[in-house]
Amino acid sequence: MALKLAHIGPVYLRIYAWLTGLVLGAVDAVAAIYVLAHPQWLGHMVSCLCLSGILAVLVTPRLAVVTGRRPINFMASLFMLVGACIGMVDAQVARLIAFVLMGLGYGMSWANFPFSVHELSLRGHRRLTPQVTAIIGIGAGLGIGLAWIGWLFNGSYSPTFALVVLALLSAGLLLLVATLPESPVWYALKGREEQAFAALKALHGPLEAAVELDWVRMDSQMLAEQQPLRWADLKLPQVRSSLVTAMILLLAQESPGAVALVVLTPLALVSAGSASWAVGVFALGLALISVVAWVIVTHPWGQRYLRVLFGCIVLALTSMTALATLPKLGLDAWGGLLLIILVSASLAVQRWLIYPACHGAIDTRVPPWLVNWQRAQSALANAMARFVVLGVAALAVEFSFQSLLMALFVFYLWVFMLVMVRMPRELRM
């Protein structure tokens, strides 16, 4: 039974958002330490984690229509908790099963959270989704940092330390989502308005619930009218323009390859013989970048495309610096420090500039009957981009470091040119 949370509903939802971000970040930390301890299994880990995540993103929207948002949140947390516990078994098969479960939980949470928090929040209190992405780095930094502390005592990197972090955070999230009420919009869609009002009242009190109930009815009516994109919709200039812009923004948003940087940087530092403190410094920097990102995304900012453009310029300069200096320095003490600086700069660009500018950039231009389709496709695109980024990184491990840097530099220039071509049109709209 849901707790009576009147008057603390907004705070409770923020805690839900922050804890979700920490859990998702802890999954990245587990992947990073697992790759560090078993680099030969990188491809298997990527396949298990990402393909199960894509499957979960595809299934979740259809499943949520039948079951509601609350069971999906519970299942996602449970999958990640069970995956963390199974991952502590010292066997390769167990670890791969654990990554499948973590991928399912990650995908379900990623696909369901924006809908869930949108339908539970009051109007004007819905800037929670960007905070999840901002806080992911704190969870990752916590897991990697604890594994590094374990290395100081044991002399080896063990995924168990990161798995303990994931298990504790997942258990906390599981308990929290168990106390959340069901989505009022889902109740209203099923014709159960008394339960919709009770869910609103439990979170926000009777006065706010009475005011919000009309908006819930409108949202449920819009949800009943949702449909996927059709060829006829592409005849509308607004839809075509939004689709092209969304594709370019997705490329810009994922171009830093943040998940690959988080997962592979500890391996790069250790494999090249960097100083023992390098992994700890990276974990701390990752957490600090996320703290600043969280502050940034809690406030609206203008000039979206200019921020994306500036971020692309910084990425190109960063990759050019890496291409010119790292092959000459190697990754000893100074080279390792430079690598941490360059990786941190790329992560900061993605978390501080590009992602906050991309999030919600086309929402106001999406027709009402395509809103859910657009949200579902955004989640699917992010899951597939995660697979592509990690997959390319896994392949790049087999090739020379300099070839990878050259490929990144060319890719960043290509994304920069796409943004430059599109920017004048966007600034006129």
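Rules and cut-offs
- Residues numbered from 1 in each chain as written.
- Predicted model: local features only at pLDDT ≥ 70, side-chain atom pairs only at ≥ 80, totals over all residues.
- Heavy atoms only, no water.
- Helix = DSSP H or I, 4+ residues; strand = E, 2+ residues; numbered from the N terminus.
- Expected span 1.5 Å × (residues − 1).
- Bend = angle between axes of the 7 residues up to and from the residue.
- pLDDT = per-residue confidence, 0-100.
- Patch = residues over 30% accessible without salt bridge, like charges linked within 9 Å, V, L, I, M, F, W, Y side chains within 5 Å.
- Areas by Shrake-Rupley, 256 points an atom, 1.4 Å probe, with all protein chains shown as cover.
- Salt bridge = Lys/Arg side-chain N within 4 Å of Asp/Glu carboxyl O.
- Buried < 20%, exposed > 50% of the residue type's maximum accessible area, 1.4 Å probe, protein only.
- Axes fitted to C-alpha atoms, helices over the stretch in contact; angles between N-to-C directions.
- Parallel < 35°, antiparallel > 145°, perpendicular 65-115°, else oblique.
- Left-handed = near helix turned anticlockwise from the far one by under 90°.
- Contact = heavy atoms within 4.5 Å.
- Nonpolar A, V, L, I, M, F, W, Y, C, P; charged D, E, K, R; others polar.

Owing to its 3.6 residues per turn, the α-helix aligns residues three or four sequence positions apart on the same side. When the terminal C-alpha atoms of helix 5 (residues 129–154) are compared, their 38 Å separation across 26 residues agrees well with the 38 Å that a helix rising 1.5 Å per residue should span. Along helix 5, the sharpest kink reaches roughly 30°, centred on Ile135. Of the residues trailing helix 5, Gly155 is marked for its positive phi of about 80°.

Right, let's talk about the confidence of the model for the protein for a bit. Should pLDDT be low for a region, the predicted coordinates there are not to be read in detail. Considering every residue of the protein, the mean pLDDT works out to 87; 93% of them sit at 70 or more. Within the protein, helix 15 (residues 401–428) has the poorest average pLDDT of any element, 81, and helix 3 (residues 69–87) the best, 96.

A surface patch of nonpolar side chains, about 400 Å² in accessible area, is lined by Leu146, Ile149, Leu152 and Phe153. Tracing the sequence through the fold places Phe153 in helix 5.

With that settled, consider the pattern of salt bridges. Applying the stated criterion across every chain yields a total of five salt bridges. The salt bridge partner of Arg217 is Glu193, with a shortest N-O separation of 3.0 Å. Asp214 is paired through a salt bridge with Arg217; the nearest N and O atoms lie 2.7 Å apart. Here Arg217 and Asp214 lie together in helix 8 (residues 193–224), a separation of three residues that amounts to about one turn. The exposure class of Asp214 is partly exposed, given its relative accessible area of 46%. Classification of Arg217 as partly exposed rests on a relative accessible area of 27%. The structure contains a network of salt bridges with shared partners spanning Glu193, Asp214 and Arg217.

Bringing the packing of helix 3 against helix 6 (residues 159–179) into the picture now. Their axes nearest at 8 Å, the elements helix 3 and helix 6 cross at an angle of 160°. The angle between the axes of helix 3 and helix 6 places the two elements in the roughly antiparallel class. Like other packed secondary-structure pairs, helix 3 and helix 6 cross with a definite hand, here left-handed. Residues Arg70, Asn73, Phe74, Ser77, Leu78, Met80, Leu81, Ala84 and Gly87 of helix 3 lie in contact with helix 6, whose contacting residues are Leu163, Leu166, Ala167, Ser170, Ala171, Leu173, Leu174, Val177, Ala178 and Thr179. When its residues are assigned to classes, the contact of helix 3 with helix 6 shows 13 nonpolar, five polar and one charged.

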